[in-house]
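# Overview (structure and organization)
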Amino acid sequence: MYWDWTYLLMLPGLILGLWSQARVKSAYAKYGKVLSRSGMSAAEVARDLLEKGAPGVTVKRVAGELTDHFDPRDDTLALSDGVFASSSVAAIGIAAHEAGHAMQKNDDYAPMKLRTAIAPVVSIGSNLSWPIFIIGIIFSFQPLVFAGILVFSLAVLFSLITLPVEFDASRRALRALESGGYLDAGELKGAKSVLTAAALTYLASFVSMVLQLLRLLLIANSSRRRD
Ligand SMILES: [Zn+2]
């Protein structure tokens with residue numbers, strides 16, 4: 001087998017991933033303690049933003065840390081325990097970011113639509129791509145090797161489309177927080193650094209996906225040469 005050195009390709013993605021997650025944690029810890037002067041909770045800010053930018057979306061509370069998300073299937077915006085009732089700059093930034101996703105859906109933002117459309121295929125496919133690929137390699141059956149790579153490429157594409165969707169949601173969030181006067185200039189900087197750190201985790205995951213794809217291609221190529 002030719003697995004050995006291609007493992008090294010996983011390292012940059014892994015390091016980048018750990019580094020960006022550490023940055024999110026530290027930004028969240030820092031700005032989670034800075035309370036906004038408006039005194040509004042993140043949930044209140046989110047409801048306000050949704051009323052203007054994405055009517056019909058409901059805000060609910062979910063368990064866990066940083067489990068905040070917008071679900072386009074049932075138009076709910078879920079805020080985690082630490083964010084929901086908090087009036088910290090970090091919490092308001094996160095809530096506004098999720099509201100940004102709801103606004104994207106409301107505006108028919110194209111990358112968001114595309115991402116939602118391929119999501120079901122990707123979630124099934126990304127778990128199957130490696131098993132399909134490995135079975136193909138073991139039995140030297142090229143169509144299966146190719147299918148594994150193809151399915152994995154879809155997951156890479158998904159991770160690529162995620163980038164503009166995430167960056168745009170943060171842009172919408174910061175714009176809305178500023179124009180609505182929810183945060184002042186200093187507070188906005190704090191919210192921005194939390195959202196920038198979060199965006200880096202998506203970038204890190206894209207980089208690691210590309211490297212994994214490269215690894216699949218290298219393994220496939222060396223196994224073909226052996227045949
Ligand atoms: Zn997001």
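Criteria and cut-off values
Residues numbered from 1 in each chain as written. Predicted model: local features only at pLDDT ≥ 70, side-chain atom pairs only at ≥ 80, totals over all residues. Helix = DSSP H or I, 4+ residues; strand = E, 2+ residues; numbered from the N terminus. Buried ≥ 20, exposed ≤ 12 C-beta atoms within 10 Å, placed from the backbone. Contact = placed C-beta atoms within 7 Å. Core = buried A, V, L, I, M, F, W, Y, C linked by C-beta atoms within 7 Å. Expected span 1.5 Å × (residues − 1). Pairing = 2+ DSSP bridges. Axes fitted to C-alpha atoms, helices over the stretch in contact; angles between N-to-C directions. Parallel < 35°, antiparallel > 145°, perpendicular 65-115°, else oblique. pLDDT = per-residue confidence, 0-100. Left-handed = near helix turned anticlockwise from the far one by under 90°. Nonpolar A, V, L, I, M, F, W, Y, C, P; charged D, E, K, R; others polar.

### Brief notes about the overall build of the protein chain
Per the secondary structure count, the protein chain includes 7 helices and 3 strands. N-terminal to C-terminal, the α/β element order of the protein chain is α-α-β-β-β-α-α-α-α-α. Principal-axis analysis of the C-alpha atoms gives the protein chain an extent of 70 × 35 × 25 Å. Counting every position in the protein chain, which comprises 227 residues, the buried fraction comes to 34%. Counted over contacts in the protein chain with a minimum sequence separation of 6, partners at least 24 positions apart contribute 75%.

### Points about the nonpolar core
Soluble, globular proteins show a tendency: their nonpolar side chains are buried together. If you look at the biggest cluster of nonpolar residues, it comprises 51 residues, and the most contacted ones within it are A42, A46, I92, A95, A99 and V194. Of all the elements in the fold, those that place two or more residues in this core are helix 1 (10-31), helix 2 (42-53), strand 3 (76-80), helix 3 (81-84), helix 4 (89-106), helix 5 (110-138), helix 6 (142-179) and helix 7 (185-226). It is helix 6 that provides the largest number of residues to this core, a total of 11 residues. Here A46 is in contact with V59, L77, L79, A95, A96, E98 and A99, once residues within four sequence places are set aside.

### Some remarks on helix 2
Given 3.6 residues per turn, any residue in an α-helix points the same way as the ones three and four places further on. The first and last C-alpha atoms of helix 2 sit 16 Å apart over 12 residues, in line with the 16 Å expected at 1.5 Å per residue. The inward-facing, buried residues of helix 2 contact strand 1 (58-62), strand 3, helix 3, helix 4 and helix 6.

### Comments concerning unusual backbone geometry
Of all residues except glycine, most have a negative phi; of all peptide bonds, most are trans. Phi at D108 is positive, roughly 55 degrees, even though this residue is not glycine. Looking at the secondary structure, you find D108 in the loop between helix 4 and helix 5.

### Considering the sheet that holds strand 3
What the 3 strands build is an open sheet, ordered 1-3-2; its pairing is mixed. Edge strands, defined here as strands with exactly one partner in the open sheet, are strand 1 and strand 2 (69-71). Averaged over all pairs of adjacent strands, the angle between their axes in this sheet comes to 30 degrees, without regard to strand direction. Bridge count for strand 2 against strand 3 is 3 bridges, and the pairing is antiparallel. Opposite F70, over in strand 3, you have L77 as the bridge partner.

### Brief notes about the packing of helix 6 against helix 7
Put simply, helix 6 and helix 7 touch, their axes get as near as 10 Å, and they point 170 degrees apart. By the angle between their directions, the pair helix 6 and helix 7 is classed as roughly antiparallel.

### Some remarks on helix 7
Given a rise of 1.5 Å per residue, 42 residues ought to cover 62 Å, and the 61 Å separating the end C-alpha atoms of helix 7 matches this to within 8%. Inspection of helix 7 places E187, G190, A191, V194, L195, A197, A198, A204, S208, M209 and L216 among the buried residues, and these make up the whole buried set. The inward-facing, buried residues of helix 7 contact helix 1, helix 4, helix 5 and helix 6.

### Some words on the confidence of the model for the protein chain
Detailed reading of the predicted model is not advised wherever pLDDT is low. Residues with a pLDDT of 70 or more make up 98% of the protein chain, whose mean pLDDT is 93. When pLDDT is averaged over each helix and strand of the protein chain, the minimum, 89, is found for helix 5 and the maximum, 98, for strand 3.

### Quick look at the packing of helix 5 against helix 6
Here helix 5 crosses helix 6 at 150 degrees, and the two axes come no closer than 7 Å. By the angle class used here, helix 5 and helix 6 are roughly antiparallel. Helix-helix and strand crossings are classified by hand; for helix 5 and helix 6 the assignment is left-handed. Taken together, the residues that form the contact of helix 5 with helix 6 break down as 24 nonpolar, 6 polar and 1 charged.

### Points about the pairing of strand 3
Where strand 1 lies against strand 3, 5 bridges are found, and the strand directions are parallel. Bridge assignment links K60 to a residue of strand 3, and that residue is A78. Where strand 2 folds back on strand 3, the antiparallel hairpin that results is connected by 4 residues, among which D75 adopts a positive phi of roughly 50 degrees.

### A word on the environment of S140
With respect to the helices and strands, S140 occurs in the loop between helix 5 and helix 6. According to the C-beta neighbour criterion, S140 is exposed, with 12 such atoms within 10 Å. On a C-alpha basis, the gap between S140 and R115 in space is 33 Å, while along the polypeptide they are 25 residues apart.

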